[in-house]
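Coordinates in review
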There are 2 protein chains.
Amino acid sequence: MTPEALFEGVVRGTPAQQRRAMAKAITLLESTRPDHRAQGDELLTTLLPHTGQALRLGISGVPGVGKSTFIEALGLYLIAQGHRVAVLAVDPSSTVSGGSILGDKTRMEHLSVHEKAYIRPSPSSGTLGGVAEKTREAMLVCEAAGYDVVIVETVGVGQSETAVANMTDMFCLLQLPNAGDDLQAIKKGVMELADLVVINKADIDPDAATRAEAQITSSLRLLGLHGNPDHAHHDTAIWHPKVIQISALLGQGVDSFWSAVCQYRDVQNANGRFAARRQGQAKAWMWERIDAALKQRFRQHPQVQARLGPATDAVLAGTLPASTAARQLLELFD
Amino acid sequence: MTPEALFEGVVRGTPAQQRRAMAKAITLLESTRPDHRAQGDELLTTLLPHTGQALRLGISGVPGVGKSTFIEALGLYLIAQGHRVAVLAVDPSSTVSGGSILGDKTRMEHLSVHEKAYIRPSPSSGTLGGVAEKTREAMLVCEAAGYDVVIVETVGVGQSETAVANMTDMFCLLQLPNAGDDLQAIKKGVMELADLVVINKADIDPDAATRAEAQITSSLRLLGLHGNPDHAHHDTAIWHPKVIQISALLGQGVDSFWSAVCQYRDVQNANGRFAARRQGQAKAWMWERIDAALKQRFRQHPQVQARLGPATDAVLAGTLPASTAARQLLELFD
């Protein structure tokens, strides 16, 4: 299909045509062939004016926290409210395993077959940056097709939470009601990214969940007080990250989750931060892709490639200063 | 002076010649003139076989924690033990203020005039990466001149702690005996870098200091348990970061600080991790300089420069996808 035909299918097709065109468009965007890439860029540029209307929701949490159960419950709740829901994923480990956290659609058995839902597994090739780029582009396709809530799921691997927080309007962290879990999230810098912290499986041990809520609330307050302006993800004067308890399995608390999301969106919109966050994300994204491409070109430059091994060995052996090695290699790259 | 003369002065000069040659060598290395840079590279390469014998000690802590008092006490203690001590600094804020955390030598009035000590303020130009590079090179000059303990001080600004941890054998974090300070250090990722945590001013309120020690010990234990292998700075099976109490003002605890440092060095040496850490640092350093230079070249490329503004505007306005903008700009850079 040509970019024009894909555009028509995605934006104006019947539901069945739309679904088919979306799958083909995302596959085209995931391709690394230069001619596909050029067609993909053409498609993206025409789709862009039709995007941006959805709420982009990032959801993260360690394996076992119950992300799939929660996303299924949330998705069905939103569809019942009249929304159309897309679920995407960023899973850098899929590039190693070939599998994907969303590869198995049976994980969300009701949502995955619903006509108002579109579920797409994580792309499974390239670096985290590459995986995130393809997910970001898939998000635009979903928005152009009229999905008004786009959920981007990630598992806590490496820097994938940062990548997801940087492509969504709101980043939600799912936690278990266990002591010490919040410390790991603080350490990894994930707690700091969270606009909303959700304690799942609160029904199993309500006392533990209440203790966890108090602990996380206190941590968030201290993180806000000691905010590092260089990394300020949100202005705590405007929005102080909330903590809520839910039980995704029993379907309890999904409504209060969604009203917290809507409250956040309204506050952000009223202060102009909703649009500002998207602009900042787009600019940062552009630079991230430029940096990654520059480094790849450098490594693939024939003269650099020939000298890189010996220079690295000399640096490791302590016979060549690291900064001198860098300058010598850079001189070859012209 | 030629690189050869500087080499002779630094490595074989009388104490007075050495001090003069060191100052000139470091000034040469700090210069951004291409001919100076070439001479600097020549000098560094000849100095390199004479470096590496010193213990490289990073010291960080927020303003007011008493770093200068501590470093002065430590430096004088080490000189009394027969060592020669160099003190350098990484202060990215000096590029803004033009000043430097070590500019005022009266901060260490006894150490700064001691003939066995060499104190050099932070370079005050360029990015954090540039400042760190110059400090790293100054460290090599000090080592070649026979200083066997090199202390690199930094204040908690931005990513400067990471830069210092990445150029030293051991990273020590000074803390005040205040509740909540440790959380900030955890959040900023600095606690995770620490091989040793020092609670200063312990004499003022011994009970608070003991509470802080217990709190930090518990945090370090949890950080170790929940270690993120991607960012593991040390193998807690080999070295579990220690916490000690001192009073730099009263000179209390400097000896136990130094014996903890020696214990750490011995453990690291016995496991081969001392050399491995330096090798890893050198390689990472080379790549950091390459990345920074590639980005600078890109920004300064005439065609990129002409297109960067309009492309960024289009990305911010939402008329050009960020990834497409990145690819268009990269096509201009050839």
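Residues numbered from 1 in each chain as written. Chains lettered and ligands numbered in written order. Predicted model: local features only at pLDDT ≥ 70, side-chain atom pairs only at ≥ 80, totals over all residues. Heavy atoms only, no water.

When helices and strands are counted, chain A shows 14 helices and seven strands. Counting only residues that meet the buried cut, chain A has 55% of its 334 residues in that class. Long-range pairs, those at least 24 residues apart, make up 74% of the contacts in chain A between residues at least 6 apart in sequence. A total accessible area of about 13,700 Å² is found for chain A, and carbon and sulfur atoms account for 53% of it. (Helix = DSSP H or I, 4+ residues; strand = E, 2+ residues; numbered from the N terminus. Buried < 20%, exposed > 50% of the residue type's maximum accessible area, 1.4 Å probe, protein only. Contact = heavy atoms within 4.5 Å. Areas by Shrake-Rupley, 256 points an atom, 1.4 Å probe, with all protein chains shown as cover.)

This next bit is on the interface of chain B and chain A. Counting from both sides, the interface comprises 58 residues of chain B and, opposite them, 58 residues of chain A. With both sides pooled, the region where chain B packs onto chain A buries about 5,300 Å², and carbon together with sulfur makes up 67% of that total. On the surface where chain B and chain A come into contact, there are eight salt bridges. With a closest N to O distance of 2.4 Å, Arg 327 of chain A and Asp 41 of chain B form a salt bridge. (Buried area = accessible area lost by both parts, 1.4 Å probe. Salt bridge = Lys/Arg side-chain N within 4 Å of Asp/Glu carboxyl O.)

For the pair chain B and chain A, the relating rotation is 180°, the translation along its axis is 0.0 Å, and the fit reaches an RMSD of 0.1 Å. The operation mapping one copy onto its partner corresponds to a two-fold rotation axis. Both copies contact each other with a shared surface, as 100% of the interface residues of chain B are interface residues in chain A too. (Least-squares fit on C-alpha atoms with pLDDT ≥ 70 in both.)

Here we come to the packing of aromatic side chains. Residue and element names in this part refer to chain B. A full pass over the atoms with the stated rule returns eight aromatic pairs over all chains. Plain terms: the ring middles of Phe 70 and Phe 257 are 4.9 Å apart, the flat faces sit at 90° to each other, and that makes the pair edge-to-face. You can see Phe 70 sitting in helix α4 (residues 67-80) and its partner Phe 257 sitting in helix α12 (residues 254-270), a full 187 residues away along the chain. When sorted by exposure, Phe 70 lands in the same class as Phe 257, which is buried. Measuring from ring centre to ring centre gives 5.3 Å for Phe 298 and Phe 333, while their planes differ by 70°; the resulting arrangement is edge-to-face. One end of the pair, Phe 298, is in helix α13 (residues 273-300); the other, Phe 333, is in the segment after α15 (322-332), with 35 residues separating them in the sequence. Since its relative accessible area comes to 0%, Phe 298 is described here as buried. The positively charged end of Arg 84 is found above the aromatic ring belonging to Tyr 147, 4.2 Å away from the centroid. (Phe/Tyr/Trp six-rings, centres within 6.5 Å; stacked < 30°, edge-to-face > 60°. Lys NZ or Arg CZ within 6 Å of the ring centre and 35° of its normal.)

Moving on to the sheet that holds strand β7 (residues 242-245) of chain B. Residue and element names in this part refer to chain B. Strands sit in the order β3-β2-β4-β1-β5-β6-β7 across an open sheet of seven strands; the sheet is parallel. Only two strands of the sheet have a single partner each, and these edge strands are β3 (117-119) and β7. Taking each pair of neighbouring strands and ignoring which way they run, the sheet shows an average axis angle of 20°. By the bridge criterion, four bridges tie strand β5 (residues 170-175) to strand β6 (residues 196-199) in an arrangement that is parallel. Bridging from a neighbouring strand, Gln 175 pairs with Ile 199 of β6. Taken strand by strand, helix α7 (residues 128-144) contacts β1 (55-61), β2 (85-90), β3 and β4 (149-155), and its axis lies near 170° from that of β2. (Pairing = 2+ DSSP bridges. Axes fitted to C-alpha atoms, helices over the stretch in contact; angles between N-to-C directions.)

The next point concerns helix α14 (residues 322-332) of chain A. When you tally the buried positions in α14 of chain A, you get eight out of eleven residues, the bulk of the element. Those residues of α14 of chain A that are buried are in contact with α12 (273-300) and α13 (302-317) of chain A together with α3 (34-47), α7 and α13 of chain B.

Let us look at the packing of α12 of chain A against α15 of chain B. Between α12 of chain A and α15 of chain B, the shortest axis-to-axis distance is 8 Å and the interhelical angle comes to 40°. One element, α12 of chain A, and the other, α15 of chain B, form an angle in the oblique class. You can see that α12 of chain A and α15 of chain B cross each other, and the crossing is right-handed. Where α12 of chain A abuts α15 of chain B, its residues Ala 282, Trp 285, Met 286, Arg 289, Ile 290, Ala 293, Leu 294 and Arg 297 of chain A lie against Ala 322, Ser 323, Ala 325, Ala 326, Leu 329, Leu 330 and Glu 331 of chain B. Within the contact of α12 of chain A with α15 of chain B, the residues separate by chemical class into eleven nonpolar, one polar and three charged. (Parallel < 35°, antiparallel > 145°, perpendicular 65-115°, else oblique. Left-handed = near helix turned anticlockwise from the far one by under 90°. Nonpolar A, V, L, I, M, F, W, Y, C, P; charged D, E, K, R; others polar.)

Residues and elements named next belong to chain A. Confidence in the prediction for chain A averages 87 pLDDT; 90% of positions are at 70 or higher. Of all secondary-structure elements in chain A, the lowest mean pLDDT belongs to helix α5 (residues 94-97), at 54, while helix α1 (residues 3-12) reaches the highest, 96. Counted against residues more than four places away or in other chains, residues 226-232, with its pLDDT under 50, gives nine contacts. With pTM at 0.74, the complex prediction returns an ipTM value of 0.80. (pLDDT = per-residue confidence, 0-100.)

Residues and elements named next belong to chain A. Unlike most non-glycine residues, Lys 201 shows phi in positive territory, near 60°. Relative to the assigned elements, Lys 201 resides in the loop between β6 (196-199) and α10 (206-225). The exposure class assigned to Lys 201 is partly exposed, which follows from its relative accessible area of 29%.

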